[in-house]
Amino acid sequence: MRPLTEAETRAVFEKLGKYIGENIQLLVDRPDGTYCFRLHRDRVYYLSEKLLKLAASVPRESLVAPGTCFGKFTKSQKFRLSVTALDFLAPYAKVGPGPRGPRAGPTAPHSSAPLLQYKVWVKPGSEQSFLYGNHVLKSGLGRITENTAQYQGVVVYSMADVPLVSARPLPGLRGCGVGDLPHLPFTPQGFGVAAKSTQECRKVDPLAIVVFHQADVGEYVRNEDTLT
């Protein structure tokens, strides 16, 4: 386990920036302590400094997962976010100004303008398809936040905002820093990248891809053996 290099840090922050923008700073400087990112076996882990000191006493070959896995680097050194980062992306998801939207997002400090969280809702008939790792088509799109730009990172929900797992973090997760994050009233299904802007979604063919799949909670079942 080692600190990220400058190039690795840039790759991780650029990817996170698509979803949470400047809120990356909130992940590092938290009121409950200082958190950091560490690389271990090509995977990037998010953990507190307290946990980092404890993990330092574990031999490298015996260390499995020192914290929460945010993603991993491919052989071409591209960083890919993992679904295990979803609990941290959703509370701090990027917001943008706008007079209308399906649901208001968190309000940014020192801002009186209404803010919208970039979110996508899929129709009930398309939920299973998304949870199997497929992209979201226009025919399966229920709603999308107003003023969503093309290639904007979005968090994906069901139409009824029905949780697929418990929205309250398990007590055992508090050591990883999840328990002290802002709680959501429901659990997102995954996240992706908007293939079309809000305006384009109104005009495209029903079979056109509107959201590129990045990760979904179905991976906890499909990739149970490799997900860390």
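Reading the values: the criteria
Residues numbered from 1 in each chain as written. Predicted model: local features only at pLDDT ≥ 70, side-chain atom pairs only at ≥ 80, totals over all residues. Heavy atoms only, no water. UniProt positions renumbered as here; feature names shortened; annotations may be inferred. Helix = DSSP H or I, 4+ residues; strand = E, 2+ residues; numbered from the N terminus. Contact = heavy atoms within 4.5 Å. Core = buried A, V, L, I, M, F, W, Y, C linked by side-chain atoms within 4.5 Å. Buried < 20%, exposed > 50% of the residue type's maximum accessible area, 1.4 Å probe, protein only. Polar contact = N/O pair within 3.5 Å; in protein donor to acceptor, adjacent residues only side chain to side chain. Pairing = 2+ DSSP bridges. Phe/Tyr/Trp six-rings, centres within 6.5 Å; stacked < 30°, edge-to-face > 60°. Lys NZ or Arg CZ within 6 Å of the ring centre and 35° of its normal.

For the protein chain, an unreviewed UniProt entry supplies the name 60S ribosome subunit biogenesis protein NIP7 homolog and the organism Picathartes gymnocephalus. Listed in UniProt under the heading Sequence similarities (unreviewed entry), the comment for the protein chain reads: "Belongs to the NIP7 family." UniProt's Subcellular location (unreviewed entry) comment on the protein chain is quoted here verbatim: "Nucleus, Nucleolus".

**Section: the side chain of threonine 198**
Mapped onto the fold, threonine 198 is located in helix α6 (residues 198–201). Apart from residues lying up to four places away in sequence, threonine 198 is in contact with Ile144, Thr145, Glu146, Asn147 and Thr148.

**Details of the nonpolar core**
In terms of nonpolar packing, the biggest core is built from 26 residues, with Leu16, Ile20, Val44, Phe70, Leu81 and Leu89 touching the most fellow members. Among the elements of the structure, α1 (6–20), α2 (24–28), β3 (33–40), β4 (43–48), β5 (68–73), β6 (79–81), α4 (86–89) and β13 (190–194) are those that each provide at least two residues to this core. The dominant element in this core, judged by the number of residues it contributes, is α1, at four residues. For phenylalanine 70, the residues in contact, after removing those within four places along its chain, are Leu16, Leu27, Phe37, Val44, Tyr46, Phe79, Arg80, Leu81, Ser82, Ala85 and Phe88.

**Remarks on unusual backbone geometry**
At aspartate 42, a position not held by glycine, the phi torsion is positive, near 70 degrees. Topologically, aspartate 42 is positioned in the loop between β3 and β4. Phi angles above zero are rare outside glycine, and asparagine 147 is one such case at about 65 degrees. On the secondary structure map, asparagine 147 appears in the loop between β11 (141–144) and β12 (153–158). We classify asparagine 147 as partly exposed; its relative accessible area is 37%.

**Re the side chain of histidine 40**
Secondary-structure assignment places histidine 40 in strand β3. When its relative accessible area of 1% is taken as the criterion, histidine 40 is described as buried. Reaching out from histidine 40, the side chain makes a polar contact with the backbone oxygen of leucine 63 at a distance of 2.9 Å. Other than its neighbours up to four places away in sequence, histidine 40 contacts Met1, Tyr45, Arg60, Leu63, Val64 and Pro66.

**Quick look at the pairing of β3**
Within β3, six of the eight residues are buried, leaving the element largely enclosed by the surrounding structure. Here two bridges tie strand β1 (residues 2–3) to β3, and the two strands are oriented antiparallel to one another. Across the sheet, proline 3 pairs through a bridge with arginine 38, a residue of β3. Hairpin connection between strand β2 (residues 29–30) and β3: a loop of two residues separates the two successive antiparallel strands. Of the pairings in the sheet, the one linking β3 to β4 comprises six bridges and is antiparallel in character. Bridge pairing in β4 places leucine 39 opposite valine 44.

**Quick notes on the packing of aromatic side chains**
Under the defined criterion, the tally for this structure stands at 10 aromatic pairs. Pairwise contacts between aromatic rings join Phe13, Tyr35, Phe37, Tyr46, Phe70 and Phe88 into one cluster. For arginine 30, the ring lying beneath its charged end belongs to tyrosine 35, and the centroid distance is 3.9 Å.

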